[in-house]
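An overview of the molecular structure
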Amino acid sequence: MNKPVKTDDIIFNFFKQICDEKDDKKCVELGNQWINAMELNLSNLETSLNEKDRIKHKDDIQNNRNHLDSLKGKSSSEWREYATKCMVEIMDNKV
């Protein structure tokens, strides 16, 4: 029987891939792919919101953009550290 794929599992596995990547350049590339994917998700979310909700969530969206901007330029060791923290947070919040 197939189990449904959970978003947290996909995110966890992506961060695990960052942590496990031995090649520093590929590790950074994976981190940058994460930033690009999340920026695209934010843009799509913002576009799909009606004007009232766009105004309501403007600060949250901007905070997320600022967070993504803060990830740009990280080294491989910084990406591994960030990915580890994210994996721990996912595990701590698993039901």
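Along each chain, the written sequence defines residue order, and numbers are assigned to residues from 1. Only residues with pLDDT of at least 70 are given local features in this predicted model, and only at 80 or more are side-chain atom pairs given and counted; all residues enter the totals for whole chains, interfaces and linings. Think of the side-chain values as coming from all heavy atoms in the structure, minus any hydrogens and water.

Comments concerning the overall build of the protein chain
Helical segments are the DSSP runs of H or I of at least four residues, strand segments are the runs of E of at least two, and each set is numbered from the N terminus. A count of helical and extended segments in the protein chain gives five helices and zero strands. Mapped in sequence order, the helices and strands of the protein chain form the string α-α-α-α-α. Here's how the labels work: a residue is buried when its accessible area is under 20% of the maximum for its type, exposed when over 50%, partly exposed in between, all with a 1.4 Å probe on protein chains only. Residues classed as buried in the protein chain amount to 24% of the 95 residues present. Note on contacts: a residue pair qualifies if any of its non-hydrogen atoms lie within 4.5 Å across the two residues. By sequence separation, contacts in the protein chain at least 24 residues apart represent 65% of the contacts at least 6 residues apart.

Quick word on helix α5 (residues 76-92)
For a helix, the expected span equals 1.5 Å multiplied by the number of residues minus one. With 17 residues, α5 ought to run about 24 Å at 1.5 Å a step, and its terminal C-alpha atoms sit 24 Å apart, in line with that. Along α5, the positions that sit buried rather than exposed are Ser 76, Trp 79, Arg 80, Tyr 82, Ala 83, Cys 86, Met 87 and Ile 90. Burial along α5 is one-sided: seen end-on, the buried residues are contained in an arc of 165°. In this structure, α5 carries Lys 85, Glu 89 and Asp 92 as exposed residues pointing more than 90 degrees from its buried face. Next to the buried residues of α5 lie α1 (7-20), α2 (24-48) and α4 (58-71). To be clear, the arc concerns the directions from the helix axis to the C-beta atoms.

Observations concerning the environment of Lys 16
Inspection of the secondary structure puts Lys 16 in helix α1. In the structure, Lys 16 is positioned 68 residues away from Thr 84 in sequence and 7.5 Å away in space, judged by C-alpha atoms.

What about the environment of Ser 75?
Here Ser 75 lies in the loop between α4 and α5. Within polar-contact distance, the side chain of Ser 75 engages the side chain of Ser 77 at 3.2 Å. Any pair of N or O atoms that falls within 3.5 Å is considered a polar contact. Within protein, one atom must be able to donate a hydrogen and the other to accept it, and sequence-neighbouring residues count only if both atoms are side-chain atoms.

Comments concerning the pattern of salt bridges
Pairing of side chains with opposite charge becomes possible as their charged atoms draw close. We define a salt bridge as a side-chain nitrogen of Lys or Arg found within 4 Å of a carboxyl oxygen belonging to Asp or Glu. Enumeration over the complete set of coordinates arrives at seven salt bridges. The salt bridge partner of Arg 54 is Glu 51, with a shortest N-O separation of 2.9 Å. You can see Arg 54 and its partner Glu 51 sitting in helix α3 (residues 51-56), three residues apart, about one turn around the helix. Given a relative accessible area of 26%, Arg 54 falls into the partly exposed group. Of the residues examined, Glu 51 reaches a relative accessible area of 48% and is grouped as partly exposed. In this structure, a network of salt bridges that share partners links the residues Glu 39, Asp 69 and Lys 72.

Here we look at the packing of aromatic side chains
Any two rings among Phe, Tyr and Trp, with Trp reduced to its six-membered ring, count as a pair given centres within 6.5 Å; such a pair is stacked if its planes are under 30 degrees apart, edge-to-face if over 60, and tilted if neither. The final tally for this structure, using the stated rule, is five aromatic pairs. Note on Phe 15 and Trp 34: the rings are 4.7 Å apart at their centroids and 55° apart in plane angle, and the pair reads as tilted. Remark: Trp 34 occurs in helix α2 and Phe 15 occurs in helix α1; sequence separation between them is 19 residues. The residues Phe 15 and Trp 34 share a single accessibility class, namely buried. Ring geometry for Trp 79 and Tyr 82: centres 5.7 Å apart, planes at 90°, overall edge-to-face.

On their own, these measurements won't tell you what the molecule is for.
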